[in-house]
Amino acid sequence: MKLLFAAAFALFVLSAFDQAESSAYDKIVAHSRIRAKKEGPNVCALQQVVGTKKKYFSTCRNWYQRAICGKKAIVLYECCPGYMKLEGMHGCPAVAPIDNVYGTLGLVKATTTQDYSALSKLREEIEGAGSYTFFAPSNDAWDLLDPEIRSALVSNVNIELYNALHYHMVNKRLLTKDLKNGMTATSMYNDLDLLINHYSNGVVTVNCARIIHGNQVATNGVVHVIDRVITAVGNTIQDVIEVDDDLSTLSTVAIASGLIEKLGQPGQFTLFAPTNDAFDKLDREVLDRLMEDKNSLQALFNYHLLNSVQCSEAIMAGTSYETLEGSNIEIGCDGDSLTVNGIKMVLKKDIVTTNGVIHLIDQVLMPDSAKQVMELVGQSQGTFSDMLTELGLSAAMRPQVEYTLLAPLNIAFNGDFLKIILENHILKNKIVLSQLYNGQRLETLAGKFLRVFVYRTAVCIENACLIRGSKEGNRFLVLVLTVSFHCCRIFLSLMETAGLTDLLKQEGDFTVFAPTDEAFAGLSDRDLSLLKSESFHTSFSRHTTSRITANEGMQVNTVKVPDSDLMATNGVIHVVRTLLYPEGED
């Protein structure tokens, strides 16, 4: 009874301190308790990935999706850390007995670690006076360890096993709220550092091993159960890629880009490291071009580098991260596999270093900023790309000259386009979207000038409005546009008959509502003759002064405008399929 009272009192005192400063881990455990409140007091709801032993205190996102890393997860109800069941009672009403660190290893079912502590003469130390934090590998963690390494440890219990266990210990008490993201904790083995990461989704890792049961308070410290056996870390990311034979090409790229020394500096990095085989998949001409262009090479390398440590066990769903190149990549998971931009490409996870973590990948990630202009044109602009190649224009774009490509979507090609039209989609200079302003004139490869129109909700070049942001290459820019062209032959002939052609050739800012040939289909010869008479001037005037609305698409006098914004040098044309008549006329 006295032991139970002491345990309850100790837990009460510790929880009072914890409430003052809770962590992401503590908050997610609290949410798990709320989800399980119908199961009784002090019960937590966890999710277990089907077919595995992996259990998580889940985020709301994973909980409501009933999945972790895209795999179905079932709900389990267990006693929250620090509590236990009593026979015949609902939930987990009892506080778990408090014991020294050695005894606590048994309470959290880390019995293999407990047995090894006894074998290695560590037991006496962790039963005695002191204040320790023990990151204790679970029984499953020991089973996952390479059999040869485990055998070597057990065969030399007084040195190797003792040192290995000491590396899992810190000589002071650290609860999860004390384990800050990016901190290092000094281990009890040769004062080597342990790398701590505490993520917003509640996952806490030690050298990328996940805490699966935290904050089991002991009389002389605290025990956190982790999901793998951790090993001492002494190398930087630079050290690893310089000595790993399978990363020799990456090492060459890092040296040529001038970034190799950055990887040896203190920091919190994640490197997605392409193997030699990954580089071999690249077109040789592409790799040679990159090696000759330091800016492109730096962009390429930095696109594989994050300024944060992302251990695989912390990834429970796809999340976007900014690379040092400036663009974003999505890191996700599919079961036990890590994914990058939705593709399974990670060959080996969690190579822990003193300044971050390395994941080996079997593909080279290519950012837009390291590509040539034609490599930026996507499948949705394939027609435009094919025409540039067929007409010899892609070859005419010199590597050392800057261009801007106005790339129409495939659906924009409704008719026959000539070389001159394509030339008018290539600007002579590189211009990013933020540099465009209303009234600006842009010179094309053909020597023509295109006007820029900036509206509240759109930026347009002549009749083509940008449908998404620019893709910036190392010397090029691609802006994706939509374009449309129509012929209104009868209307044109009527303008000529009426003598209005010269008027519309003058400088000015005209707006013309041009009826299609279909609009004249119901007219008799007499009606057409009437239009060719003097009254046509009135009808034409009506087309230029009508009431315009935009409730359901563009309308003029309730007549829908199916095609709008056909730009001319002195105005704009909107196509209508119904004739507009002056007021009072049928």
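Here, every reference points to the structure presented above.
About the criteria used
Residues numbered from 1 in each chain as written. Predicted model: local features only at pLDDT ≥ 70, side-chain atom pairs only at ≥ 80, totals over all residues. Heavy atoms only, no water. Disulfide = S-S within 2.5 Å. Helix = DSSP H or I, 4+ residues; strand = E, 2+ residues; numbered from the N terminus. Buried < 20%, exposed > 50% of the residue type's maximum accessible area, 1.4 Å probe, protein only. Pairing = 2+ DSSP bridges. Contact = heavy atoms within 4.5 Å. Axes fitted to C-alpha atoms, helices over the stretch in contact; angles between N-to-C directions. Parallel < 35°, antiparallel > 145°, perpendicular 65-115°, else oblique. Nonpolar A, V, L, I, M, F, W, Y, C, P; charged D, E, K, R; others polar. Polar contact = N/O pair within 3.5 Å; in protein donor to acceptor, adjacent residues only side chain to side chain.

A.B. asks: Help me understand the state of the cysteines, please; the structure alone is not making it clear to me.
C.D. replies: A disulfide bridge is the covalent bond that connects two cysteines by way of their sulfur atoms. For the structure on display, the rule yields four disulfides. Across the disulfide from Cys79 sits Cys92; the S-S distance is 2.0 Å. Since a negative S-S torsion denotes a left-handed disulfide, the Cys79-Cys92 link at about -85 degrees is left-handed. One end of the pair, Cys79, is in strand S4 (residues 71-79); the other, Cys92, is in the loop between strand S5 (83-84) and strand S6 (94-95), and 13 residues separate them in sequence. A relative accessible area of 22% means that Cys79 is categorised as partly exposed. The disulfide partner of Cys208 is Cys311, and the S-S distance across this bridge is 2.1 Å. Measuring handedness by torsion sign, the sulfur bridge of Cys208 and Cys311 sits at about -70 degrees and is left-handed. Taken together, the positions of Cys208 in the loop between strand S11 (204-206) and strand S12 (209-218) and Cys311 in the loop between strand S15 (305-306) and strand S16 (319-322) put the pair 103 residues apart, joining distant regions of the chain. Cys208 sits in the buried class, given a relative accessible area of 4%. On the accessibility criterion, Cys311 (1% relative accessible area) is buried.

A.B. asks: What should I look at first to understand the sheet that holds S12 in this one?
C.D. replies: Strands belonging to one sheet form pairs held by backbone hydrogen bonds; the direction of such a pair is parallel or antiparallel. On the basis of which strands lie adjacent, the open sheet formed by seven strands has the order S8-S7-S13-S12-S11-S10-S9 and mixed pairing. Each edge of the open sheet carries a strand with a single partner, namely strand S8 (169-170) and strand S9 (184-186). Contacts from helix H2 (residues 24-35) reach strand S10 (193-198), S11 and S12 within the one sheet, and its direction differs from that of S12 by about 85 degrees.

A.B. asks: It is not clear to me how the packing of helix H8 (residues 147-155) against helix H9 (residues 157-167) should be interpreted in this structure. Could you clarify?
C.D. replies: A packed helix pair is summarised by two numbers, namely the angle formed by the two axes and the spacing between the axes. Viewed as axis vectors pointing N to C, H8 and H9 meet at an angle of 120 degrees, and their least axial separation amounts to 6 Å. Here H8 is positioned oblique relative to H9, judged by the angle of their axes. Contact with H8, carried on its side by Ala152, Leu153, Val154 and Ser155, involves Val157, Glu160, Leu161 and Ala164 of H9 and no other residues of that element. Broken down by class, the residue content of the contact of H8 with H9 amounts to six nonpolar, one polar and one charged.

A.B. asks: Even after reading the chapter, I still don't get the side chain of Asn215, so can you show me in this structure?
C.D. replies: Following the sequence through the fold, Asn215 ends up in strand S12. At 3.4 Å, the side chain of Asn215 forms a polar contact with the side chain of Asp26.

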